[in-house]
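Analysis of the macromolecular model
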Amino acid sequence: MSAAHDPKPIRQAGALVASIAKLARLAVTAEEARSIEPQFASILKQFEGLELLDLTGVEPLVSLSGADTVLRADEPEPSSSADQMLANAPERVEDFYCVPKTVGGDE
Amino acid sequence: MSAYSALDAVGLAQETARGKRSASENIEAAFDAVKALDSELNVFLNTNLESARALARVLDAAPAETRGPLHGVPIALKANMCVEGFESNCASRILAGYHAPYTATFVRRLVDAGAIPIGMTNMDEFAMGSSCENSAFGPSKNPWDETRTAGGSSSGSAVAVAAGITPIALGSDTGGSVRQPAALTGIVGFKPTYGRVSRYGLIAFGSSLDQVSPFARSVRDVELVTHLMSGTDSNDATCLDEPRMNCEICDLKGLRIGVPKEYFGGGLQHDVRARSEEALALFEQLGAVIVPVSLPHSEHAIAVYYVVATAEASSNLARFEGVRFGRRVDGDGSLQGMFAATREAGFGPEVKRRILLGTYVLSAGYYDAWYGRALKVRTLLRRDFEAAFESCDVIVGPTSPEPAFALGSKKDDPVAMYLSDVLTVPVNLAGLPAASVPCGFVDVLGRALPVGLQIIGPHRADARVLSVARAFEEATSFAAARAPRFFHGARS
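In what follows, the accompanying structure is described. Model, not experiment: these values are computed from the prediction.

A few words on the pairing of strand β6 (residues 168-172) of chain B. Residue and element names in this part refer to chain B. Where burial is concerned, most of β6 is hidden: 5 out of the 5 residues are buried. The side-chain alternation of β6 yields two buried faces, one formed by I168, L170 and S172 and the other by A169 and G171. Looking at chain direction, strand β2 (residues 73-78) and β6 are connected through 3 bridges and run parallel. From the neighbouring strand, I75 faces β6, where its bridge partner is I168. For β6 and strand β8 (residues 212-216), the ladder comprises 5 bridges, and the chain directions are antiparallel. Counterpart to I168 in the pairing with β8 is A216.

Opposite the 48 residues of chain A that make contact, chain B presents 59 residues. It is helix α2 (residues 30-46) of chain A that provides the largest number of residues to the side of chain A that touches chain B, a total of 6 residues. Here the residues of the side of chain A that touches chain B are counted per class, giving 30 nonpolar, 12 polar and 6 charged.

Of all residues except glycine, most have a negative phi; of all peptide bonds, most are trans. Residue and element names in this part refer to chain B. Of note, the amide linkage connecting G152 to S153 takes the cis form, showing an omega dihedral of 10°. Here S153 is to be found in the loop between β5 (145-149) and α5 (155-162). One non-glycine residue, L445, lies in positive phi territory at about 50°. For L445, the position within the fold is in the loop between β12 (434-444) and β13 (447-456). On the basis of neighbour counts, which here come to 8 C-beta atoms within 10 Å, the residue L445 falls in the exposed class.

Turning our attention to the sheet that holds strand β11 (residues 394-398) of chain B. All names here are of chain B. Spatially, 11 strands are ordered β1-β3-β2-β6-β8-β7-β12-β13-β11-β9-β10 in an open sheet, and the strand pairing comes out mixed. The open sheet has two edge strands, β1 (44-47) and β10 (289-293), and neither has a second partner. For this sheet, the mean inter-axis angle between neighbouring strands, taken without regard to orientation, is 30°.

Residues and elements named next belong to chain B. Between helix α4 (residues 105-112) and helix α7 (residues 219-229), whose axes approach to 8 Å, the crossing angle comes to 115°. Taken together, the axes of α4 and α7 are roughly perpendicular relative to one another. Regarding α4 and α7, the two cross each other, and that crossing is right-handed. For the pair α4 and α7, contact is made by F106, R109 and L110 and by V225, L228 and M229, respectively.

The rules behind each value
- Residues numbered from 1 in each chain as written.
- Chains lettered and ligands numbered in written order.
- Predicted model: local features only at pLDDT ≥ 70, side-chain atom pairs only at ≥ 80, totals over all residues.
- Buried ≥ 20, exposed ≤ 12 C-beta atoms within 10 Å, placed from the backbone.
- Helix = DSSP H or I, 4+ residues; strand = E, 2+ residues; numbered from the N terminus.
- Pairing = 2+ DSSP bridges.
- Contact = placed C-beta atoms within 7 Å.
- Nonpolar A, V, L, I, M, F, W, Y, C, P; charged D, E, K, R; others polar.
- Axes fitted to C-alpha atoms, helices over the stretch in contact; angles between N-to-C directions.
- Parallel < 35°, antiparallel > 145°, perpendicular 65-115°, else oblique.
- Left-handed = near helix turned anticlockwise from the far one by under 90°.

This is a description of form; function is not addressed.
The following block contains the structure:
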């Protein structure tokens, strides 16, 4: 995408990658962001041709299945046990996944 | 009794079902091959001899009338497939130790037919790559030249078949990840129509593009495996609602073969072009009619693919955050800190790059400009194929613009690596069936390297593609060629 069309121009090397990394829940160091950014720019340059096409009246292709989507009957079926599903969890307590505390206050 | 690696899956199953050999003997032969070759070619991420032997014993004890069409045939599976008893780590550190609590529908159907999974194969991390150099466990090597890539991302599965370890293997093809490694290792690969095979149990990368796809050393094997895997599945709503695939008889006389000028452009390596043109000449000799066609939006396919695939990947890979499975890194002790630290430590550089790219094209302010626009161009790409198929029955061209490239030669240039997929991604974007079959060799520094021919069909015309592939295979001897140094049994 050309700078003229870019609603958020890059002001600082690494700033764009750092802000996207935050959205993507990736911890990227400033150094990594600076090294990724040129690669990012060269990849986006490959995409510039998309801007030149006249897409007036063209519908987006959202699904290849379209009307073929087949839904099963909405009936309960046996499923895996809690133990099976929790077997890969890095940390569990009883039948729950365990994560760091997200709300304030004491227990 | 023929040597284990001399037979294709159909032949091996027939001999085993008739009692000429046992499933247990097949498993021992497969593991002998693993022992002889795996350390040099880096094919498997994990194997399970114990479960394979147990399954073989059950099959050997089964009455003759219950023996299926893959009776006692060892199979290798890509490490992004869920199979009970195996570690499905997607060649990523973030999924180290992950054992799926269920088995994928397509694997279950093959096991029901008598196949025996022996191990999970090496791949580009989360199927993102074209050379296996994005595997957290080092790349698989090409049996034709171990200094070169076996292609990707389903690299280990291609090598398992090309090196004679198993007659058949499964990969997943999101942008060419089965056809390109099949071409680069001299075997057959087939991507069915999107929805032909259930994706239940395939760890998702690009959900609108992913399709489970078989490798084999014969067309009849990929035909059989596809047939057995296909059909509706109540666990995948995108699965086609039609009977399992059955191949039609194909007469090449009068068959209209479309040749898109865009697939023979400047980026095509000279010798690959020559082999492709020789294949077209052979089709003509066999009675087919060559029809020039045009796919005018092909030049935009790579851009559309890398917008759509990365957008879907950024969403699909959000589930790897250290809560439900795989590795966890505590970070600063907060929940958000744990997510970020886990993903930072667990994902490799290319996966991070694609997550970032996908997040970017979906983010506020950029969504319409990138993702929305790419989806519209995807419509144009599909229309190109629909228009072309009005004047031809199949489209034929090269699978990869070049033979196997040297490991390391593109590793630090993501754009050059992405362009490896230029001839295969349009097929995934349009959801079409396509096969890659061996069509000859090129000489590179004194080594013969295989070249693949791509045969593309209209939506749902999987059987037609395979029939044309089989006719080509029968008229040539390329599929019978074996890697001289690394085919099991080739070395004394």
